[in-house]
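Close look at the chain arrangement
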Amino acid sequence: MTETVLPTRAEKRKFKMDMRALAPFIALIILIIAGALINPDFLTASNLLNVVTRSAFIAIIAVGATFVIASGGLDLSVGSMAALTAGVMILTMNSQGSADMGTLALGMLAAIALSAACGLANGLIVTFGRIEPFIVTLGTMGIFRSLIIWLAAGGTITIRNLELRELYRPVYFGTVLGIPVPIIAFLAVASIGALILYRTSFGRHVVALGSNEDVARYSGVPIWRVRTLTYIIQGICVGIAVLVYVPRLGSATPTTGLLWELQAITAVVIGGTALKGGIGRVWGTVVGAVILELVANIMVLSNFVSEFLVGAVQGAIIIIAMLVQRSVHRGR
Amino acid sequence: MDSVLRAENISKSFGPIEVLSGISLDLKPGEVHAVIGENGAGKSTLMRILSGHIAPTKGSLHLNGQPITFSGPVDAEAHGIVLVHQEILLAPDLTVAQNLFLGREIKRYGFVDDKAMREQTRDILRELGTSIDPDREVSRLSIADRQLVQIARALLVPHKVVAFDEPTAVLTPIEAESLFEIIRKLRAQGVAVLYISHRLNEVKAVADRVTVLRDGRHIATRDIEGLEPLEMARLMVGRDMSKLYPEKPETASDQTVLAVRDMAVPGFVENVSFTLRRGEILGFGGLIGAGRTELFEALVGLRAGTGTITLDGKQVHFRDAREAMAAGIVYLSEDRKGKGLLLQQNLRINLSLAALDKFTRGSFIDVAAEETALDGAIKDFDIRTRSRDLLAGQLSGGNQQKLLLAKMMLVEPRIVIIDEPTRGVDIGTKEQIYSFIASLAAEGRAVVVISSEMQELIGLCHRVVVMRNGRVAGEVAQDGLSEDAIVYLATGVHEERAAEIAAGHA
Amino acid sequence: MKATALKIAMAAGLMAGVATGAMAQQKNVTIGVSIPAATHGWTGGAVYHAQETAKALEKAHPGLKVIVKTSPDGAAQANALDDLTAQKIDALVVLPFNSDELTDPVRQVKNKGVLVTVIDRGLKDPSIQDIYVAGDNPGFGRIAGKYFADTLKQGNIVVLRGIPTVLDDERVTNFEKAIQGSGVKILDRQYANWNRDDAFKVMQDFLSKHPKIDAVWAADDDMALGVLEAIRQAKREDIKFVVGGAGMKEMVKRVMDGDKMIPVNVTYPPALVATAMHVTAAHFYSNAPMRGTFVLNAQLITKDNAKDHYFPNSPF
């Protein structure tokens, strides 16, 4: 094949990049149009804000999952980790008793510290134990889940102090300039995530590791450190998600965070990150999380899907969303 | 004699780019027809058209004088045209017999008949002159044996034309010699053999006729009689190639930069000691599997090993490649696709990966600086690419090697270790890589070249250390450099004997 | 089904009788208890009651040994049954994960001459069980439905269902039967998996979809909590009340305190495990052998009787 140097113009390059990253957004727009056709109430500001706010936990967790998956790993423990973190956070605040900012800050600190430690544990076992991440995190998933059941003795861990509950409540239900706080939180997390993944050498190392571990090793990438860090980032994201989650219902139960790991992974994949690693798309992930929540919302708002078939239609919509993406890829 | 397969005025375009234009070629029964050309000359495309993998844009194929079009490689195989791929395309966890019959299993009452397949495998392998166990898993075979299995798999179907794509790229001289015996046997059976190779000496040894391609055009078809490798090279490149190797730089000094004592890698290397001097090119010769790669991987911390490493008089130990790079030592893997480059990523990301710190401003990567570096690398290393947005995996072998060199030079190393610098690289690019290696030494760096090509070691290096079975078999100084000297140390026998052994073996 | 079908409204009376009758005897008996692990509020309550009852029974009857084993799924429960049999139990109290999977494992235990008490979910072959203690799922739905029909008389409600199971179906079908003919109309129904978070989301969407809702049947107290939070966020005044179920202590407390949004609750006590254990122990320590079916009727908890159903120490 004849290979000649053809310098491409900068604008053309940029356009191509945009098309690929835009694919999940296009799927999102199509869903919104579909939703509006099904029920006019869908397009009300309150409904849309509800949906996007609800997607915040999964979106924040999925930003962390983007790092883990882009580096070629997997974390199945995030749902259980969220439940355990929420439980420990509430227990910490209950042990303080007083309804002031100090108690709240202590609880938040405990949550972030615990979830980061859980992530560190996952990371160290994966790297130093040289065990498949699927198995490691399947194991810790069970451990974290059992710990929360044990802490709750099978029941519910609730913020006992009602004043504290009211003090904390705005973190989920409050707004800043009309935008719900959870939305601001997940936009912030996604922005920082995108900055780290796209603009730092750590982010570049994550992608290199996911592309080909051997090449990364031969290129002097500190693979153990990078891999462990991805799990810690995942842990911290779970912690942040919990900070937003706890004020909603003020409690943690053994069913908190059930199947969140699968939702997070689905959001990551819908967003265009390769499940085998090597490509990471933070903004796509966020859109993926919103798409998941939108699909559930449209199901409830629609009148023609029997409650028995909701799961099937949801599954079909997710697959169609992926197909839309693929066709956009190809059409580029 | 009439041709069995004939191509007439074949052209092939991918989009607006024409990669083959107006090629004619005929293959006669009982001849070995070599197709040579630089990477990108269109050899592989031609081969893929002849074996039915892709259809030509213009022109026609004739089988036994009848025009024919193939619907795909399976169709071409049904017509007796088989291709032995350059890459090993076998399932590593299946046995030899299972691989041979993969997708065409012999069945008995609806179940696979392992016994019959094992018998047939044994027969065909014996015909090829080897006694590989049909029940052995392919992952436990040597590269050369895998190549034989691949050939056996191709020859399993009734064949009139057998095409070999760079079959000796991974073989030692002895193994290559037995392959030539197989090819000669095929020729004696009246089969037409199409042979693609970079190694002009081999072409001279095995081919009857040679077709030369350059830039997708047909340059010449000649009988091998009176066609010497140097002339083939001139036809391929379009200019005089008598000076393939640069002058050896006169910078080799007595100043030792690196001294290695009693290096050992469990299972691969024992008691290896050597020194490397400033401004010199030190060759490492030996057969594949002699432990050269493992030795240097252990040296730079990529695998576990023991021994004393002294760098500039100070004892050092590297736990990973990062530490070695920080000390100014880089290792360029022989396995470019598996360990050198991220094939799924673009050139920019590949280029800066090893020296990312140099492109970081504050906490963030300076993409503009990366782009500038890529411009520089494309220019300095003459990386030829259709577009700079290409993925590394879309580059040809030679351009991948240039990109890998550019990537590692960004680390600004003082010691450069290059493993098989020209494997899978065409002759024009080889010349560029050789002169680049010489310039590294001329700048005062120390260079180690690990190579299985004798000519390369002789033409390029000041000294050559030869390894055999994980130990240093000896060292050849510049004055004494000859193929025979290296082969003797590498195998323990002289060159003519090696050919005889191979012949007896086959 | 056994001819001597007993119906007991309250376990308490029986418990008292058993305790007095047992004092005199000293007899070595081992009872194995196999129940699902505490994975959600109700099962958590069941585990709590099983453990408390085990302690109480062992104290009341010297010589009695009670082994409580919890299992996370049906297959694990089958293994647990093997383990219990190996410990030479005289009686087995089992709350099966599901009928199909566990019928044969329980039959094997029975064939070893062990007295079998089945709780809540019946086996496919009722002849295996010596004693059957069940919650009243149809009644659970019927009583709630009757309350809606009587109190609301006229209006639109939404329904949150649990996890698709026979149990859930019995509740909902009977709820629908009970409101038939009244002016109460179900606007919408959706699964929320007996889960607070899911109930919150479903309720948010119901609120977006329906401009006027008069009341909500959440069918479970965990779900009711999620529903209440969604209503509070939307600041909707049209919803008059929410009815949950199963007698979670927080919700019973709110009924007791006269919360207008939570006027009533319907019992489906996890304590039925305790009842089953008492009945089984009574078989060995009272004079009359126990056989038959015991159904714990669902009850409406109102402000007046709430204190009888309030167990502040239970995790549920």
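Given the structure is predicted, the values throughout are model-derived calculations rather than measurements.

A short note on the interface of chain C and chain A
Listed as interface residues are 30 residues of chain C and, on the opposing side, 25 residues of chain A. Considering each element in turn, the side of chain C that touches chain A owes the most residues, 10 residues, to helix H7 (residues 196–209) of chain C. Among the residues making up the side of chain C that touches chain A, the classes are represented as 10 nonpolar, 11 polar and nine charged.

Things to note about the packing of helix H2 (residues 45–54) of chain A against H7 of chain C
As a packed pair, H2 of chain A and H7 of chain C sit with axes 10 Å apart at the nearest point and diverge in direction by 170 degrees. Classified by the interaxial angle, the pair formed by H2 of chain A and H7 of chain C is roughly antiparallel. Across from Ser46, Asn47, Asn50 and Arg54 of chain A in H2 of chain A, the residues of H7 of chain C making contact are Lys201, Gln204 and Ser208 of chain C. Looking at side-chain class alone, the contact of H2 of chain A with H7 of chain C contains no nonpolar, five polar and two charged residues.

Brief notes about the pairing of strand E10 (residues 192–196) of chain B
All names here are of chain B. Most of E10 is tucked away, with five of its five residues classed as buried. Of the two faces of E10, both are covered, the one formed by Ala192, Leu194 and Ile196 as well as the one formed by Val193 and Tyr195. Bridge analysis of strand E3 (residues 32–36) against E10 gives four bridges, and the strand direction is parallel. What sits directly across from Val35, in E10, is Ile196. Where strand E9 (residues 161–165) lies against E10, five bridges are found, and the strand directions are parallel. Residue pairing across strands places Ala163 opposite Leu194, the latter belonging to E10. Handedness of the crossover is the feature at issue here: the chain leaves E9, passes through helix H6 (residues 173–188), returns alongside E10, and the resulting connection is right-handed.

Overview of the environment of Gly141 of chain C
All names here are of chain C. Checked against the element boundaries, Gly141 lands in helix H5 (residues 137–152). With 34 residues separating them along the chain, Gly141 and Phe175 place their C-alpha atoms 4.3 Å apart. Apart from residues lying up to four places away in sequence, Gly141 is in contact with Glu170, Arg171, Val172, Thr173, Asn174, Phe175 and Ala178.

Comments concerning the interface of chain A and chain B
Taken together, the contacts link 24 residues of chain A with 35 residues of chain B. Listed by contribution, the elements that provide at least two residues to the side of chain A that touches chain B are helix H10 (201–211) and helix H11 (213–218) of chain A. Per-class residue counts for the side of chain A that touches chain B are eight nonpolar, 10 polar and six charged.

Here we look at the environment of His33 of chain B
Residue and element names in this part refer to chain B. Structurally, His33 is set in strand E3. In sequence terms His33 and Asp223 are 190 residues apart; their C-alpha atoms lie 9.2 Å from each other. His33 has contacts with Leu27, Ala192, Val193, Leu194, Tyr195, Ala207, Asp208, Arg209 and Thr211, leaving out every residue within four places of it along the chain.

Thoughts on the confidence of the model for chain A
Averaged over every residue, the pLDDT of chain A is 86; the share at 70 or more is 91%. Counting contacts from residues 1–16 of chain A, a segment whose pLDDT is below 50, to residues more than four positions away or on other chains yields 27 contacts.

Brief notes about the nonpolar core
In this structure, Ile60 and Ile61 of chain A together with Val227 of chain C are the most contacted members of the largest nonpolar core, which totals 286 residues. Residues within four places of Ile61 of chain A in sequence aside, it is in contact with Val78, Ala82, Cys237, Val238, Ala241, Trp260 and Ala264 of chain A. By size, the runner-up hydrophobic cluster in this structure holds 72 residues, among which are Leu50, Phe101, Val206 and Ala207 of chain B.

So, the sheet that holds strand E23 (residues 463–468) of chain B
Residue and element names in this part refer to chain B. Pairing is mixed across the open sheet formed by six strands, whose spatial order is E18-E21-E22-E15-E23-E24. A strand with exactly one partner marks an edge of an open sheet, and here the two such strands are strand E18 (329–332) and strand E24 (471–476). Strand-to-strand twist across the sheet, computed as the mean angle between neighbouring axes with direction ignored, equals 20 degrees. Relative to strand E21 (residues 415–419), E18 is paired through four bridges, and the arrangement is parallel. Paired with Ile329 across the strands is Ile415, a residue of E21. Sitting on the sheet, helix H9 (residues 292–299) touches strand E15 (281–286), E18, E21, strand E22 (446–450) and E23, and the angle it makes with E22 is about 145 degrees.

What counts, and at which threshold
- Residues numbered from 1 in each chain as written.
- Chains lettered and ligands numbered in written order.
- Predicted model: local features only at pLDDT ≥ 70, side-chain atom pairs only at ≥ 80, totals over all residues.
- Contact = placed C-beta atoms within 7 Å.
- Helix = DSSP H or I, 4+ residues; strand = E, 2+ residues; numbered from the N terminus.
- Nonpolar A, V, L, I, M, F, W, Y, C, P; charged D, E, K, R; others polar.
- Axes fitted to C-alpha atoms, helices over the stretch in contact; angles between N-to-C directions.
- Parallel < 35°, antiparallel > 145°, perpendicular 65-115°, else oblique.
- Buried ≥ 20, exposed ≤ 12 C-beta atoms within 10 Å, placed from the backbone.
- Pairing = 2+ DSSP bridges.
- Right-handed = clockwise from strand over helix to strand, strands pointing away.
- pLDDT = per-residue confidence, 0-100.
- Core = buried A, V, L, I, M, F, W, Y, C linked by C-beta atoms within 7 Å.

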